[in-house]
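Next come the chains, spelled out residue by residue.
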Amino acid sequence: MMASSLQYGDVSQSDKSCLPCLDRNDGSKEPGLPVQQKRTVQTWDEMKQTEDYLAAELYKLSVQERAKAMDDIHCLGEELKETPEMVEKLLEEFDQIVRQVKTPFYEMAVIQNREHVEDPSFRLRFLRCNMHNVHLSVRQMMDYLKYKATYFGEDKVARGITLDDFNDEDMELVMSGLYHIQKERDRSGRAVVYVMNDVFGRCKLENLIHVAYYVWNNILIPMHNVQMKGICFVYYDMTKQGEKYAMPGLNFMRTLTKVLMSFPLRYSAIHLCLNPERGDLALTNSLFSYTMKQVSRYVGVRTRLQYGSDMEVQYALRSHGVPEKGFPVDADGNIRKDIMNEWFYRHKEEIEAKKQHRKVLATHASLHQPVEYSNLGHNAQESGLEPVVAATAGTDQIESETNRPPRKEGGINPSPQDVLLGRGWRVQNHEGNVRFRSFLEAYSDEYDTAARLRKRQLAVELVNLLRGRGVRFLKQTDTGTGEWIESSFEDAEKKVGQLFRTLRKLRNQA
């Protein structure tokens, strides 16, 4: 740990650059400073309480912890590491602690939908948010369920929240420009999320929580990239010069902060962007210093205050790895209406794609027709949001007698959409196998670049997806009769991984 001689708020000369507001071109504090430096000194005086608190939190860290925090702020941090064995052990410990500390809200969720709260992927979100600290993860999940019941109703504690749960005020807030999810990632590959303060203090707490819950838990947290790397969060001061800012009260901020901190989302970097020319920062200082004391030290030491005009703070963000192209505000402080709410429209398109997918499956199930699976919607990664896999129906398929393996008594007659496990020309050219290879090709880049655990997760997701569409993975029995039976899930998962490796070899040979 750092030496105890460092007092609350002390800043060493060597680490002065950790506080942007203290940076000087020449280090001078003499009278007659240029206007820019005079403004910086005045800004520091007004924001001293917040800066002192953040500096004090930073010096409570060990040298290694401080280095990690600095790396995260400057887009040099590493992705969270996991192995299947580690995940299995963490989930076992998680379950043991849950049995000891379960709350009434957790028991309520178990009664409503046990699978929801015991789903490993749901619990992994909390574990990853807390860097695999199991006790903190369990406590956060309990708070999450409590606040969900409080603000959405006890009947919704164990089910997903959709846009249908929003009232008119919620939807108005969504479209107000309060949030912006940048299409481009920052230099370390993290999602960048903006909050604009011009409507922050003018809305009701309940509406703000409803919208925050939806954006965080339905859009951001489901992204695997977000779970492993966290996000870069930007608070952007949109107050115009001379305009009176509707400042939220302390109780408002305390409640909002507690609810937000219950969401399983890791803040790897936070930038609070303020323009001193727009008015007195004394109230902002009081609000920020109070709010920082409500969050964990992990979040506090990864927070930086950026001061200046719109052009200046945007330059500061660029220097911290935030791409300029997707800034929601131009250099003159105007909202870029060409990209305003673009993230939400992309999200709604993906919701519609999902609905169409369900309709297709329902239609074909009722007609007993095979479904041609495709990768439509997979390229949603380019939109900055996590991919949503959709499907479209193919034209009616006529089974080829030359490609269809013969049916044996007591076995399954493979259909054109089934995937056959095995070797030989007849198996590899079966219609379902041809479709299967085409389907996986769309995911090959993601699979090849993924970590080992993610490769397995992707294989499991794709098997579940295809099985949900009525695709069967079939293998022949060992009896020598040529009968086809349904394979185990593990065999299907291995088939996916095997084909991904085959596709990679073929590309390398090309």
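Worth saying up front: this structure is predicted, and the values here are computed from it rather than measured.

1. Remarks on the overall build of the protein
For the protein, the helix and strand inventory stands at 20 helices and eight strands. Out of the 510 residues belonging to the protein, those deemed buried represent 51%. Here the contacts in the protein between residues at least 6 apart in sequence split such that 74% fall between residues at least 24 apart. Accessible surface for the protein amounts to roughly 25200 Å². Of this, 50% is attributable to carbon and sulfur atoms.

2. Things to note about the side chain of S188
As for its position among the elements, S188 is in the loop between β1 (179-181) and β2 (191-196). Classification of S188 as buried rests on a relative accessible area of 15%. A polar contact is formed between the side chain of S188 and the side chain of R190, at a distance of 3.1 Å. Here S188 is in contact with C75 and K229, once residues within four sequence places are set aside.

3. Details of the pairing of β2
The buried fraction of β2 amounts to six of the six residues, a majority that puts the element mostly inside the structure. Here β2 shows a buried face lined by A191, V193 and V195 and a second buried face lined by V192, Y194 and M196. Across three bridges, β1 lies against β2 in antiparallel orientation. Bridge assignment links I181 to a residue of β2, and that residue is V193. Across six bridges, the pairing between β2 and strand β3 (residues 231-236) is parallel. Opposite V193, over in β3, you have F233 as the bridge partner.

4. Section: unusual backbone geometry
In this model, H132 sits at a positive phi of 70 degrees, which is unusual for a non-glycine residue. In this structure, H132 sits in the loop between α6 (120-129) and α7 (134-152). A positive phi angle is found at N341, which is not glycine, with a value near 65 degrees.

5. Notes on the pattern of salt bridges
Opposite charge on two side chains lets them pair, provided their charged atoms get close. Inspection of the entire model under this criterion finds 22 salt bridges. The shortest N-O distance in the salt bridge between E82 and R128 comes to 2.9 Å. One end of the pair, E82, is in the loop between α3 (63-73) and α4 (84-101); the other, R128, is in helix α6, and 46 residues separate them in sequence. In this pair, the class of E82 matches that of R128, namely buried. Residues E118 and R114 are paired through a salt bridge, measuring 2.7 Å at the closest nitrogen-oxygen approach.

6. Notes on the environment of F94
Position of F94 relative to the elements: it lies in helix α4. Separated by 29 residues in sequence, F94 and R123 have C-alpha atoms that sit 8.1 Å apart. Setting aside its immediate chain neighbours within four residues, F94 contacts R123, L127, V134, S137, V138 and M141.

7. Description of the environment of A492
In this structure, A492 sits in helix α20 (residues 489-509). Taking the C-alpha atoms as reference points, A492 and V463, 29 residues apart in sequence, are found 6.8 Å from one another. Setting aside chain neighbours within four positions, we find A492 in contact with V463, F473 and S487.

8. Focus: the environment of M175
The topology assignment puts M175 in the loop between α8 (168-174) and β1. With relative accessibility at 28%, the residue M175 sits in the partly exposed group. In the structure, M175 is positioned 169 residues away from F344 in sequence and 8.3 Å away in space, judged by C-alpha atoms. Here M175 is in contact with M340, N341, F344 and Y345, once residues within four sequence places are set aside.

9. Here we look at the sheet that holds strand β7 (residues 473-476)
Strand order in this open sheet of three strands is β6-β7-β8, and the pairing throughout is mixed. A single partner strand is all that each edge strand has here, and the edge strands are β6 (419-420) and β8 (484-486). Here β6 pairs with β7 via two bridges, running parallel. The residue of β7 that forms the bridge with L420 is L474.

Definitions and limits used
Residues numbered from 1 in each chain as written. Predicted model: local features only at pLDDT ≥ 70, side-chain atom pairs only at ≥ 80, totals over all residues. Heavy atoms only, no water. Helix = DSSP H or I, 4+ residues; strand = E, 2+ residues; numbered from the N terminus. Buried < 20%, exposed > 50% of the residue type's maximum accessible area, 1.4 Å probe, protein only. Contact = heavy atoms within 4.5 Å. Areas by Shrake-Rupley, 256 points an atom, 1.4 Å probe, with all protein chains shown as cover. Polar contact = N/O pair within 3.5 Å; in protein donor to acceptor, adjacent residues only side chain to side chain. Pairing = 2+ DSSP bridges. Salt bridge = Lys/Arg side-chain N within 4 Å of Asp/Glu carboxyl O.

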